[in-house]
Structures are given as structure tokens and as C-alpha cells.
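Working through the structure, step by step
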Amino acid sequence: MATIDRQTPTLALAHALAAAGRGLPVFPLSATKLPALRSPHRGERSPAHCRGECGLPGHGVHDATTDPAAVRALFAAAPRATGYGIACGRAPHRLIGIDLDVDPAYGSDATGALRQLALQHLFTIPATVTVLTPSGGRHLWLTGPADATVPNSAGRLAPGIDIRGSGGYLVGPGSVTAHGRYRLAPGTAHLTPAPCPRALLRLLTQPRRPATTPGDPGTTRTPTPDRRGEGLVQFVLAAHEGQRNTRLFWAACRAYEHGFGDALADALTAAAVRTGLPEHEARAAIASAARLTSGRGSESP
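These lines cover the structure that appears in this document, whether it is placed above or below.

What counts as what
Residues numbered from 1 in each chain as written. Predicted model: local features only at pLDDT ≥ 70, side-chain atom pairs only at ≥ 80, totals over all residues. Heavy atoms only, no water. Helix = DSSP H or I, 4+ residues; strand = E, 2+ residues; numbered from the N terminus. Buried < 20%, exposed > 50% of the residue type's maximum accessible area, 1.4 Å probe, protein only. Contact = heavy atoms within 4.5 Å. Areas by Shrake-Rupley, 256 points an atom, 1.4 Å probe, with all protein chains shown as cover. Salt bridge = Lys/Arg side-chain N within 4 Å of Asp/Glu carboxyl O. Axes fitted to C-alpha atoms, helices over the stretch in contact; angles between N-to-C directions. Parallel < 35°, antiparallel > 145°, perpendicular 65-115°, else oblique. Left-handed = near helix turned anticlockwise from the far one by under 90°. Nonpolar A, V, L, I, M, F, W, Y, C, P; charged D, E, K, R; others polar. Pairing = 2+ DSSP bridges. Polar contact = N/O pair within 3.5 Å; in protein donor to acceptor, adjacent residues only side chain to side chain.

Right, let's talk about the overall build of the chain for a bit. For the chain, the helix and strand inventory stands at 8 helices and 14 strands. In the chain, which comprises 301 residues, the share counted as buried stands at 48%. Intrachain contacts of the chain at a sequence separation of at least 6 include 71% that bridge at least 24 residues. Taken as a whole, the chain presents about 14,900 Å² of accessible surface, with 52% of it coming from carbon and sulfur.

Tracing the backbone shows Arg-6 in the segment before α1 (8-21). Of the residues examined, Arg-6 reaches a relative accessible area of 80% and is grouped as exposed. Note: C-alpha distance between Arg-6 and Arg-80 (74 residues apart in sequence) is 9.0 Å.

What follows deals with the pattern of salt bridges. In the structure shown here, the tally under the stated rule is 5 salt bridges. Close ionic contact of Asp-99 with Arg-164 constitutes a salt bridge, the shortest N to O distance being 3.3 Å. Residue Asp-99 is found in strand β3 (residues 95-100), and its partner Arg-164 is found in strand β7 (residues 161-164); the two are separated by 65 residues along the sequence. Each member of the pair, Asp-99 together with Arg-164, is buried.

The next subject is the packing of α1 against helix α2 (residues 68-77). The relative placement of two packed helices is expressed as an angle between their axes plus a distance between the axes. Orientation of α1 relative to α2, taken along the N-to-C sense of each, is 155 degrees, at an axis distance of 10 Å. Considered as vectors, α1 and α2 are oriented roughly antiparallel to each other. In terms of crossing hand, the pair formed by α1 and α2 is right-handed. For the pair α1 and α2, the contacting residues are Ala-12, Leu-13, Ala-16, Leu-17 and Ala-20 in the first and Pro-68, Val-71, Arg-72 and Phe-75 in the second. Partitioning the contact of α1 with α2 into residue classes produces 8 nonpolar, no polar and 1 charged.

Across the sheet, 3 strands lie side by side as β1-β2-β8; this open sheet has antiparallel pairing. Where the open sheet ends on each side, the last strands, each with one partner, are β1 (26-29) and β8 (169-171). The mean angle between the axes of side-by-side strands here comes to 35 degrees, regardless of whether they run parallel or antiparallel. Summarising the sheet, strand β2 (residues 83-87) and β8 pair through 3 bridges and their orientation is antiparallel. The residue of β8 that forms the bridge with Ile-86 is Leu-170. Sitting on the sheet, α2 touches β1 and β2, and the angle it makes with β1 is about 10 degrees.

Before going further, it helps to examine unusual backbone geometry. Here the amide bond leading from Ala-91 into Pro-92 is cis, since omega sits at 5 degrees, within 30 degrees of zero. Locating Pro-92 in the fold gives a position in the loop between β2 and β3. The phi angle at Lys-33 is positive, at roughly 75 degrees, despite the residue not being glycine. Its location among the elements puts Lys-33 in the loop between β1 and α2. Accessibility expressed as a relative area gives 24% for Lys-33, which makes it partly exposed. Residue Leu-122 is not a glycine yet carries a positive backbone phi of 60 degrees. The topology assignment puts Leu-122 in the loop between α3 (110-121) and β4 (130-132).

Strand β5 (residues 138-143) sits mainly inside the fold: 5 of its 6 residues count as buried. Bridging between β3 and β5 involves 6 bridges; their strand directions are antiparallel. Across the sheet, residue Leu-95 finds its bridge partner in β5, namely Thr-143. The sheet contact formed by β4 and β5 spans 3 bridges and is antiparallel. Each residue of the ladder has a partner; that of Thr-130, found in β5, is Leu-140. In this structure, β5 lies alongside strand β12 (residues 194-195), joined through 2 bridges in parallel fashion. Along β12, the bridge assignment pairs Thr-143 with Pro-195.

Further remarks concern the side chain of Asn-152. Tracing the sequence through the fold places Asn-152 in the loop between β5 and β6 (153-154). In terms of polar contacts, Asn-152 uses its side chain to reach the backbone amide nitrogen of Gly-165, at 2.7 Å. Reaching out from Asn-152, the side chain makes a polar contact with the backbone oxygen of Ser-166 at a distance of 2.8 Å.

Here you go:
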């Protein structure tokens, strides 16, 4: 586990400036991997869905910039930042992050699942920038074309494979979190993000097909948005006593980071209740995750 000391914020800024110099829009993160700046709209009875139009910092990924002076200003306003986020889907690189998780709760090997997808859909996983996470997972950096919008998703391609696209962000290498340091994989530091293979891009951008209702070939049902977070729901269902609240909060944060937290809230609540967590506690944890991921607070449940 990496040590967080007085030098950590200085190093985080240095890494963020280096990334910005390569055309990657960045913003400061806390040790929880969430935006380090609190929202200027916190405390409002009806918080505005502002993405920075107000001109003030504190809008999470929407603060991301490549301007060195602006990066310094963001970190000056967040003196306890220990890392930085890289906004995906933004010019010039239009970064796509393939997050390969190793959490045993998913019950499968995400890296192996990606290889299987490559074999099935006839594409090659290119050599590209790869970031190792403290948990043992890895982030593959790919680039997308200007005419493609890649949505964020969790477990949609396969259990344990999360996608960071437009509106999402990746934790940058050199960042320090409560669980350790993110670092470039050996042999990839000299690489630039590789173009996303066409076949993989189609998988990432195609809408879900309506599922046929069993026993009635003449009707279909449209999957609800929370289908994208099936892996997160299973993660909550696997919680044991003493970790239910923590797992729920983590899953809710991931869902909101990916942009479908509201759609998944009821499914996460139901899963938490099945594990024995009272419904009011479950909804309070999810609401706290929503505030944190939008930069409107710094508390945890």
C-alpha cells in the first residue's frame, strides 16, 4: 500500500501536468478516487445539474482541462488531492478505458473474458498504454474516432469488464489512493494509446437488442438501464455481514461514475435489502454515493 504524505499532492500535480502536456484533460482526485473538489452547488435545496456552466470549479470530470495554468488552479483549490483523473471521450485522443477487474466477486477472469471476446469477434487487442491498479487489475487505454460516442458501462461486455467512455474518467498513473498507487505497466510507458479495433468499437457502441419474452415469440421487452450494472448488483448480493454497507456504497459510486446510478438505484437497494441491510440505510448509502460522485460532498456512509 502506498504511503500518503506531504509530498503526495505535489507529485500528483506533477503527474497531472505531465498528462495534460500529452493532451489528456485532467482534474484532481482524492484518495477515494472521487473528485477532490466539492461542488459549488452543495447545500442547494434543488441542486442544479450544472456541468461547469456556472464558471466555478467543483464539477468533477467536467473540470478536466489540458491548460497548465488551469490544472495548477484546480490543484491549488484541492490541496489534499492525492491523484488525478483523466477525462475519457475528449479530444484530441478521445480516450476509451477498458477496465479489467480482478475482484473474485465477479467469479471470472476479466482478462481472459476480453481475450475470448477478441477470438469470438475477430479482433486483436493492440499493444497500448496499460495502467496497473492497486487491486491487481489493469486499465487499457484506447482511442476512438470523432464520430463515435462510447457510453460508460459496468459488466456489459462481460463480468469484470468496465468501460470508461464519454463522461467517464480513468485514474491516472502516479495517483495514490487509499488502497495504493496506480502505475504504468512495464514496457508500455513509451507507447501511445492505440486505436480501438473496429470490431471492439462496434461492441462498445451498439445498443442492446430487445430481449424476447419467453414463451411469446411475437413480443419483446426492452431491458431496463440497470442491466448494464448486473455485475455491480451481484457484487452487492455477495456481501457478508460487516461489509454490506461498504459494498453497496462502492457499487453505487461505480454506477454513478459510469452515468447510470439513478437507473440502478432500485436494483442496488433491492440487492442490499436481500443481504439484510435495512432499506432506509441502503437508500442513504446510495444517496451519499450520488453526492460524492457529483462532487457535492466528502462524507461516506
